[in-house]
Protein chains: 2
Amino acid sequence: MKIRLILLLLVCFSSISFAKITTRFPSSFDDNHLPSDLASKGKELLSYETHYYTQILDHFNYNPQSYQTFQQRYLLNDKYWSGSKKNAPIFVYTGNEGNIEWFTQNTGFMFEIAPHFNALLVFIEHRFYGKSIPYGGNKETAYSNKSTLGYLSSTQALADYATLIIDLKNNLTATDSPVVVFGGSYGGMLAAWFRLKYPHVTIGALASSAPILNFGNITSPYSFNNIITQDFKGESENCYKVIKGIWKQIEDTAKTTGGLEKLRKSFRICKNYISQGSLQNWLSTAFVYTAMTDYPTPSIFLNPLPAYPVKEMCKAIDDPKTGNDMFEKVYGAANIYYNYTGNATCFNLNDHSDPHGLGGWTWQACTEMVMPTDGNNNESIFPVSEWDYNERARFCQSNFGIKPRPDWVTTEFGGNNIERVLKKFGSNIIFFNGLKDPWSGGGVLKDISKSIVAIIAKEGAHHVDLRWSSKEDPEWLRQVRGREVNIISNWLSQYYQSLIDHIY
Amino acid sequence: MKIRLILLLLVCFSSISFAKITTRFPSSFDDNHLPSDLASKGKELLSYETHYYTQILDHFNYNPQSYQTFQQRYLLNDKYWSGSKKNAPIFVYTGNEGNIEWFTQNTGFMFEIAPHFNALLVFIEHRFYGKSIPYGGNKETAYSNKSTLGYLSSTQALADYATLIIDLKNNLTATDSPVVVFGGSYGGMLAAWFRLKYPHVTIGALASSAPILNFGNITSPYSFNNIITQDFKGESENCYKVIKGIWKQIEDTAKTTGGLEKLRKSFRICKNYISQGSLQNWLSTAFVYTAMTDYPTPSIFLNPLPAYPVKEMCKAIDDPKTGNDMFEKVYGAANIYYNYTGNATCFNLNDHSDPHGLGGWTWQACTEMVMPTDGNNNESIFPVSEWDYNERARFCQSNFGIKPRPDWVTTEFGGNNIERVLKKFGSNIIFFNGLKDPWSGGGVLKDISKSIVAIIAKEGAHHVDLRWSSKEDPEWLRQVRGREVNIISNWLSQYYQSLIDHIY
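The rules behind the values
- Residues numbered from 1 in each chain as written.
- Chains lettered and ligands numbered in written order.
- Predicted model: local features only at pLDDT ≥ 70, side-chain atom pairs only at ≥ 80, totals over all residues.
- Heavy atoms only, no water.
- Least-squares fit on C-alpha atoms with pLDDT ≥ 70 in both.
- Contact = heavy atoms within 4.5 Å.
- Helix = DSSP H or I, 4+ residues; strand = E, 2+ residues; numbered from the N terminus.
- Expected span 1.5 Å × (residues − 1).
- Buried < 20%, exposed > 50% of the residue type's maximum accessible area, 1.4 Å probe, protein only.
- Buried area = accessible area lost by both parts, 1.4 Å probe.
- Salt bridge = Lys/Arg side-chain N within 4 Å of Asp/Glu carboxyl O.
- Polar contact = N/O pair within 3.5 Å; in protein donor to acceptor, adjacent residues only side chain to side chain.
- Axes fitted to C-alpha atoms, helices over the stretch in contact; angles between N-to-C directions.
- Parallel < 35°, antiparallel > 145°, perpendicular 65-115°, else oblique.
- Left-handed = near helix turned anticlockwise from the far one by under 90°.
- Nonpolar A, V, L, I, M, F, W, Y, C, P; charged D, E, K, R; others polar.
- Core = buried A, V, L, I, M, F, W, Y, C linked by side-chain atoms within 4.5 Å.
- Disulfide = S-S within 2.5 Å.

For chain A, an unreviewed UniProt entry supplies the name Lysosomal Pro-X carboxypeptidase-like and the organism Capsicum annuum.

Dropping the structure here:
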């Protein structure tokens, strides 16, 4: 789930169990902040034209809604494309739950490899996000109720991509140009599913950090938080223990007279508002997102982060200077996530801003994206709790008046026994996962067949492979990207060979 | 398209160009007439229980309609099933555009092979047909307008099948039982598409006479009628010439004083009504359906037919007894299709009865099932004409107030360059085609890969392989069925091996 869902659920669940809602997809830097390495390279390479496509609102039913359309945004870069006459490839990013510009800026990999492949770059925005809003672009109307939101679903999004790509290729007279799809996180799930459902539209998919197995009973609901636990424990046993112990200390302190005020001061919370739940949520958010974006070079996600931020957090916690003051230690860790620039003087726990427009994820999480990730077993760095579907269901009922359909994703896209099912079915998918990423527990971590392969980076975080490269990148990251480029090259060679085979 | 579409279009287009609408899927015998071989065998083998499943109306949108349900009928035979403990297989017929009992009775093949495989048999009715009518089973409401009919689409039907099969397996605690899907004609298209879109639900598909390539520009719009032409020409050059010449003779006669009455008497049309167009349609319907169901043994489609009915028609035409009376010759041919029992005393051109409930096909043909089959080139046995999409569009506009989406099927299911696309993608599909079947022109006629294979019978007609076997079946038909059984056996062996591989 996403930022907005955290925030929404924070409010709703803070009194019940704060740690149950720490599940969301982040990405890596926002529109206004380019990380240092992009300051030079990004400005040069990051360029695109904005286009709009008249898209069908309802692909699957033929009622009058089918004939309603909306404007779907896509970004195009044809600087490196050697054109339709050469059947040069088209690389498409299958947009996820937010403003497409944000994902585009976070997918430097595509810009960097485009010249090598003479590829056209296309970044398609997911319906209901960014500027791709049905109902005349009126977000208030589109998001007003379950009838209008009903058209926000993954199957509709995939059909959008198929329709747009086919039409774009026709318009470019590039029907024989091979299409490769790319995506990270939910966008990676869409890329993998797109290859499986629309093999006639794309020859292969790079699905980065795509937790397509985080549905139903396939992946343990403890997996997500256990990976976060291991991330911190792997840095230092003390760091893990301090964080694990902090929740009860906060609880105990909050109960005392003047306790909340003490907490407010310890954690530099602004004078507007504090509660035990919101403070715990604020802290857990920092740990979850930092684990997810534990990149080897400085990055900006929602906030700027140093290289290896989990290590930095644990350094702050383990710092002998803070002695036995656990609040000061954990504040030091949180400060890395929330205040790495050092500009903040206090923190607002009620900051529900949504700069990347991720709010639609709440709807998706209440319909098909029921991903059980919120369990905490004894070892967890967060307080023990069970994943509780009914809690989600109650939230969705009260927010939208609907029941989730927790079995739908496995019905429509599969996932159970995926190795058996896809061993002799399908081809040309790369599943990348960084094992530091809590979402990796729901990813495909083993090769399924010769051409449905898993690339694992033990030290990698959430879709790190798709980010802009940097001189400081570690060797393992260079190797991951190199392997991906090689595999994509092979897909393309095979495709061009098949073109020849079918001519002669 | 289907009977009802013919009839509907007959009325609309008879004044424009009668031969353009001779496109429909037939099947083989109706509820009340069992062919002679089934009279003994069928009565013994044909048995099933009727069940209903509470199905979701709209799988793809999460608006309030998603939470509407309807009762979907399925027929079950567990006589031969050796049960879930043995992971015994489940054979599912993916129902097409009509009453499921009709298709079940026409798919003796499944009953005949079930004992060999110890298989459970399930025949699922397609939504909006038979007794599987949304809106509380009220057909009048369900068919009343484009809003209610909107939920009648192939993608919804496939999702119905996935949902029902998964649920049925759960209820039978048979989650590891492999599912093989079977279908003929449109049902065969659905079976093939189901394997491609839902490989996690079915291990393989037998798609019999499934013209999945009869969309867009993939197959020539002359193909359908050219195959009919060859069917008759192959019997006798004279037969072909007589039929080819009859249309103009009817036209010329109709123009003369008393001409229509002469035609009425010549063709034994009842006294109620005759027009040139309706007569021509009536005749062309006989030639089209007879070609389609040119089976090697006696059968009953809408009407009873002898073995090799095309040959019988040409015998009637070539009969020296009728001298040079072309009307008498062609009447003799039509009489084989319309009156093989000899009971009819006159024919009613306005008989729009629809005993198998195929009416929904008109809607499907006006939305996604735009199959260009109505062109006639110079060689055609029917008058020269071009396939005209606009004619279809006008019909659909005036009937339903909607525009067809002729590109949708190739967008959603593919079809273009299918050999290239599926060469290294997908597995375990048998495409059977009989080359006498006019629909075979839109079928997959070549092996695509080792496990996506084409079985061709030069002398076969529309899904002849799925019919009950008979002692009189020719050797080629026995061989076709034998090959199908062998291939399905291999799929199952591989599946059971993969179960073992994943345990150890």
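(A) The arrangement of the relation of the copies chain A and chain B in detail. Least-squares fitting of chain A to chain B yields an RMSD of 0.0 Å, with the transformation described by 0.0 Å of translation along the axis and a rotation of 180°. Here the copies are linked by what is in effect a two-fold axis. Relative to the rotation axis, the C-alpha of G426 of chain A is the closest in chain A, positioned 2.5 Å from it. Most of the interface of chain A is mirrored in chain B: 100% of its interface residues are interface residues there too.

(B) Here's a closer look at helix α9 (residues 223-235) of chain A. Residue and element names in this part refer to chain A. Here α9 spans 19 Å end to end across 13 residues, near enough to the 18 Å set by a 1.5 Å rise per residue. Among the residues making up α9, those that are buried are S223, F224, N225, N226, I227, I228, T229, D231 and F232. The secondary structure elements touched by the buried residues of α9 are α10 (237-255), α12 (276-292) and α13 (309-318).

(C) A look at the interface of chain A and chain B. In this complex, chain A contributes 54 residues to the contact, which on the side of chain B involves 54 residues. Surface buried jointly by chain A and chain B totals about 4600 Å² across both partners, of which 56% is contributed by carbon and sulfur atoms. The largest share of the area that chain A buries against chain B comes from Y62, R420 and F425 of chain A, three residues that together contribute 19% of it. Joining chain A to chain B, the criterion identifies 2 salt bridges. Of the charged contacts, one joins D176 of chain B and R420 of chain A as a salt bridge, the two residues approaching to 3.4 Å between their closest N and O atoms. Taken together, chain A and chain B are joined by 21 residue pairs in polar contact (both at pLDDT 80 or more). When contributions to the side of chain A that touches chain B are tallied by element, the ones reaching two or more residues are α6 (146-149), α7 (154-171), α8 (186-197), α15 (360-367), α17 (408-413), α18 (418-422) and α19 (475-503) of chain A.

(D) Layout of helix α4 (residues 108-117) of chain B. Counting buried residues along α4 of chain B, 7 of its 10 residues qualify, which places the element largely inside the surrounding structure. Of the positions making up α4 of chain B, those classed as buried are G108, F109, M110, F111, I113, A114 and F117 of chain B.

(E) Fine view of the packing of α15 of chain A against helix α16 (residues 389-400) of chain A. All names here are of chain A. Following both chains from N to C, one finds α15 and α16 inclined at 125°, their axes separated by 9 Å at the closest point. One way to sum up the angle between α15 and α16 is to call them oblique. Crossing of α15 over α16 shows left-handed handedness. Facing T362, W363, A365 and C366 of α15, the residues of α16 in contact are R392, F395, C396 and F400. Residues of the contact of α15 with α16, tallied by class, amount to 6 nonpolar, 1 polar and 1 charged.

(F) Fine view of the packing of helix α10 (residues 237-255) of chain B against helix α14 (residues 326-338) of chain B. Residues and elements named next belong to chain B. At their nearest, the axes of α10 and α14 sit 10 Å apart, and the two run at 120° to each other. One element, α10, and the other, α14, form an angle in the oblique class. Relative to α14, the crossing made by α10 is left-handed. Counting all contacts with α10, which are made through V242, I246, Q249, I250 and T253, the residues of α14 involved are M326, F327 and V330. The residue inventory of the contact of α10 with α14, partitioned by class, reads 6 nonpolar, 2 polar and no charged.

(G) Geometry of the nonpolar core. Counting 223 residues, the largest nonpolar core has F232 of chain A together with F232 of chain B as its most contacted members. Excluding anything up to four places from it in sequence, F232 of chain B contacts C239, Y240, I243, F287, A291, V310, M313, C314 and I381 of chain B.

(H) Here's a closer look at the pattern of salt bridges. All names here are of chain A. Within the structure shown, the criterion is met by 29 salt bridges over all chains. R268 is the partner of E328 in a salt bridge, and the nearest nitrogen-oxygen pair spans 3.1 Å. With E328 in helix α14 (residues 326-338) and R268 in the loop between α11 (259-266) and α12, the pair connects residues that are 60 residues apart, well separated along the chain. Classification of E328 as partly exposed rests on a relative accessible area of 25%. Salt bridges sharing common partners tie together R73, E101 and E125.

(I) Spatial organisation of the state of the cysteines. Residue and element names in this part refer to chain B. Per the stated rule, a full pass over the model turns up 6 disulfides over all chains. Shown here is the disulfide that connects C270 with C346, its sulfur atoms set 2.0 Å apart. The sign of the S-S torsion, about 95°, decides the handedness of the disulfide formed by C270 and C346: right-handed. You can see C270 sitting in the loop between α11 (259-266) and α12 (276-292) and its partner C346 sitting in the loop between α14 and α15 (360-365), a full 76 residues away along the chain. Residue classification places C346 among the partly exposed positions, given a relative accessible area of 33%. Shown here is the disulfide that connects C366 with C396, its sulfur atoms set 2.0 Å apart. The sign of the S-S torsion, about -80°, decides the handedness of the disulfide formed by C366 and C396: left-handed. A residue pair is termed long-range when its members are at least 10 positions apart, and C366 in the loop between α15 and α16 (389-400) and C396 in helix α16 qualify at 30 residues. In this structure C366 comes out as buried when scored by relative accessible area, which is 1%.

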